[in-house]
Amino acid sequence: MSVSVLSRDVKPVQQSQVHQWQVHKLRGEEVLLRTWAEQDEQNPGRYVITARWPKGHDFYRPSQGAYDPLLLAESVRQAVPLLSHAVHGVPREYKQAWERFSFAVEPLAALVTTGEDEVRLVVTCSDVVRRGSRFAGMTMDIDVHLGKRLMGTAHTRFNNQPAAVYRRLRGSYADLDAALANCLPAGPPVEPHRVGRHSAEDVVLSPVLGDRTDRWMLRVDPTHPVLFDHAVDHVPGMFLLEAARQAAHAVGDGSTAVVGMTTDFARYVELDAPAVVVAGAPVPRGAGRHRVPVRVEQHGVRVFSAEVTVA
């Protein structure tokens, strides 16, 4: 991606405000999206969403002068329920789940400026699936503009389930109170500086016996104010992205920055059983970049995998 690429002159029609419930956030300060509009009523399936990225977010802090790339990921995550509810008429109680997600950012185009740069997500929807009249999922390709710069791209596929279907799918885990009551206690954190963090409370990896440098236990704290903004019956997707990032930092030299990630959500990661995070050796990809394979295993089965690109 070239930092010289300028965003096209987009003129959305009839902007609508984003409501907090549409992005599934309990804390208002965690709502990143502001407005949405269909880009062209004659060619449905393309939308422009505006967002605001705080320069001093409590968790997604700028690093090396650039916005945290997981702000882009969280913006896309919020766009999933937003378009499900606002465009496809999905009721509040329906559940959306990532199947796969990837993003890439250009660090020089993600630099934090002294002004208030507008963030715009230009979303192209495709492969919409319906079960009868019910919206069941779709694919989204997203160009993310920061001011006049194209700073990143993303791709995702997600599914959408009615509450009754979700309860059948999750079985006993659909009991939210029971799932939280059975959550394993969080283990001791890895030293924060090893995983690119300043505070132990933000560390999501715990050392294993022998203090191996390529394997950790997932450290789940359901009281974390950002990663668990609201109660859920499983480990959230953004939590797993953070675990992949921290694992990539841990096997690097500590000075790397994440510039991309490709992920696959194979199964729900449950709260009541240990989950192991495993990172492979960084693989050179040229131009000072490496890719780090990361996977999460639970009950001996791969439940999540990622390829993290660092620079």
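Residues numbered from 1 in each chain as written. Predicted model: local features only at pLDDT ≥ 70, side-chain atom pairs only at ≥ 80, totals over all residues. Heavy atoms only, no water.

S.K.: It is not clear to me how helix α2 (residues 163-170) should be interpreted in this structure. Could you clarify?
M.R.: The periodicity of an α-helix, 3.6 residues per turn, causes residues three or four places apart in sequence to face the same way. Taken together, the buried positions of α2 are Ala163, Tyr166 and Arg170. The buried residues of α2 all sit within an arc of 60° when viewed along its axis, so they share a single face. Buried-residue contacts for α2 involve β4 (95-105) and β7 (149-161). The first or second residue beyond α2 is Gly171, which carries a positive phi of 60°. (Buried < 20%, exposed > 50% of the residue type's maximum accessible area, 1.4 Å probe, protein only. Helix = DSSP H or I, 4+ residues; strand = E, 2+ residues; numbered from the N terminus. Arc of directions from axis to C-beta. Contact = heavy atoms within 4.5 Å.)

S.K.: Just checking my understanding: could you explain empty space enclosed by the protein for this structure?
M.R.: In this approach a probe as big as a water molecule rolls over the atoms, and the regions it shows empty are the leftover space. Under the counting rule described, the total for this entry stands at one cavity of 30 Å³ or more. Size it by volume and the largest cavity reaches roughly 30 Å³. Taken together, Glu201, Val203, Val204, Arg219, Asp221, His224, Leu227 and Phe239 make up the lining of the largest cavity. Taken together, the residues that form the lining of the largest cavity break down as four nonpolar, one polar and three charged. (1 Å grid on protein atoms, 1.4 Å probe; cavity = no way out; pocket = protein on both sides within 12 Å on 5 of 7 lines; lining within 4 Å. Points joined across faces, edges and corners; volume = space filled by probe spheres on them. Nonpolar A, V, L, I, M, F, W, Y, C, P; charged D, E, K, R; others polar.)

S.K.: Which parts of the structure should I look at to understand the pairing of strand β2 (residues 33-38)?
M.R.: Put simply, side chains in a regular strand alternate between the two faces of the sheet. Sheet analysis places strand β1 (residues 16-17) next to β2, joined by two bridges and oriented antiparallel. Considered in β2, the bridge of Ser16 is made with Trp36. (Pairing = 2+ DSSP bridges.)

S.K.: Which parts of the structure should I look at to understand the packing of aromatic side chains?
M.R.: The description of an aromatic ring pair uses the distance of the two centres, along with the angle that the planes make with each other. The tally for this structure, following the rule as stated, stands at ten aromatic pairs. Seen in terms of ring centroids, Phe265 and Phe304 are 5.0 Å apart; in terms of plane orientation they differ by 55°. Their pairing is tilted. With Phe265 in strand β10 (residues 258-265) and Phe304 in strand β14 (residues 301-310), the pair connects residues that are 39 residues apart, well separated along the chain. A cation sits over an aromatic face here: Arg92 above Trp21, 4.2 Å from the ring centre. Taking NZ or CZ as reference, Lys95 lies 5.6 Å from the ring centre of Tyr166, over its face. (Phe/Tyr/Trp six-rings, centres within 6.5 Å; stacked < 30°, edge-to-face > 60°. Lys NZ or Arg CZ within 6 Å of the ring centre and 35° of its normal.)

S.K.: Is there a simple way to think about the nonpolar core in this case?
M.R.: Looking at soluble globular proteins, one finds that nonpolar side chains tend to be buried together. Judged by nonpolar contacts, the single largest core of 84 residues is most densely connected at Trp53, Met140, Leu218 and Leu241. Discounting chain neighbours no more than four positions away, the residues touching Trp53 are Leu32, Tyr67, Leu71, Leu72, Ser75, Val119, Val144 and Met151. (Core = buried A, V, L, I, M, F, W, Y, C linked by side-chain atoms within 4.5 Å.)

S.K.: What should I look at first to understand unusual backbone geometry in this one?
M.R.: Glycine aside, negative phi is the norm for most residues, and most peptide bonds take the trans geometry. We note that His24 has phi near 60°; this positive angle belongs to a residue other than glycine. Mapped onto the fold, His24 is located in the loop between β1 and β2. Among the residues examined, His24 registers a relative accessible area of 23% and is labelled partly exposed.

S.K.: In this structure, what is going on with the layout of surface pockets? I would like to understand it.
M.R.: Space inside the largest pocket adds up to approximately 970 Å³. Forming the boundary of the largest pocket are 40 residues, of which Gln96, Ala97, Val232, His234 and Pro236 lie nearest the centre. Breaking the lining of the largest pocket down by element, the ones donating at least two residues are α1 (69-86), β4, α2 and α4 (237-251). Looking at which element gives the most residues to the lining of the largest pocket, the answer is β4, with five residues. Its residues assigned to classes, the lining of the largest pocket shows 23 nonpolar, six polar and eleven charged. For the second largest pocket, the calculated volume is near 560 Å³. Lining of the second largest pocket is provided by 29 residues; of these, Pro62, Ser63, Gln64, His249 and Ala257 occupy positions nearest its centre. Looking at the lining of the second largest pocket, the elements with two or more residues in it are α4 and β10. Per-element accounting of the lining of the second largest pocket gives the leading share, three residues, to α4. The residue makeup of the lining of the second largest pocket, split by class, is 15 nonpolar, nine polar and five charged.

S.K.: Please clarify how the environment of Leu121 should be interpreted in this entry.
M.R.: With respect to the helices and strands, the residue Leu121 is situated in strand β5 (residues 119-131). Residue classification places Leu121 among the buried positions, given a relative accessible area of 0%. Between the alpha carbons of Leu121 and Gly137 there is a distance of 19 Å; along the sequence they are 16 residues apart. For Leu121, the residues in contact, after removing those within four places along its chain, are Tyr47, Val48, Ile49, Ala51, Ser75, Val76, Ile142, Asp143 and Val144.

S.K.: Help me out: how do you make sense of the pattern of salt bridges in this one?
M.R.: For side chains bearing opposite charge, pairing can occur when the charged atoms are close. Considering all chains together, one arrives at 16 salt bridges under this definition. Residues Arg27 and Glu29 are paired through a salt bridge, measuring 2.9 Å at the closest nitrogen-oxygen approach. Here Arg27 falls in the partly exposed class, since its relative accessible area comes to 23%. Between Glu307 and Arg291 there is a salt bridge, with the nearest N and O atoms lying 3.6 Å from each other. Residue Glu307 is located in strand β14, and its partner Arg291 is located in strand β13 (residues 289-298); the two are separated by 16 residues in the primary sequence. The class for Arg291 is partly exposed, based on a relative accessible area of 33%. Linked by salt bridges that have partners in common, Asp68, Arg197, Glu242 and Arg245 make up one network. (Salt bridge = Lys/Arg side-chain N within 4 Å of Asp/Glu carboxyl O.)

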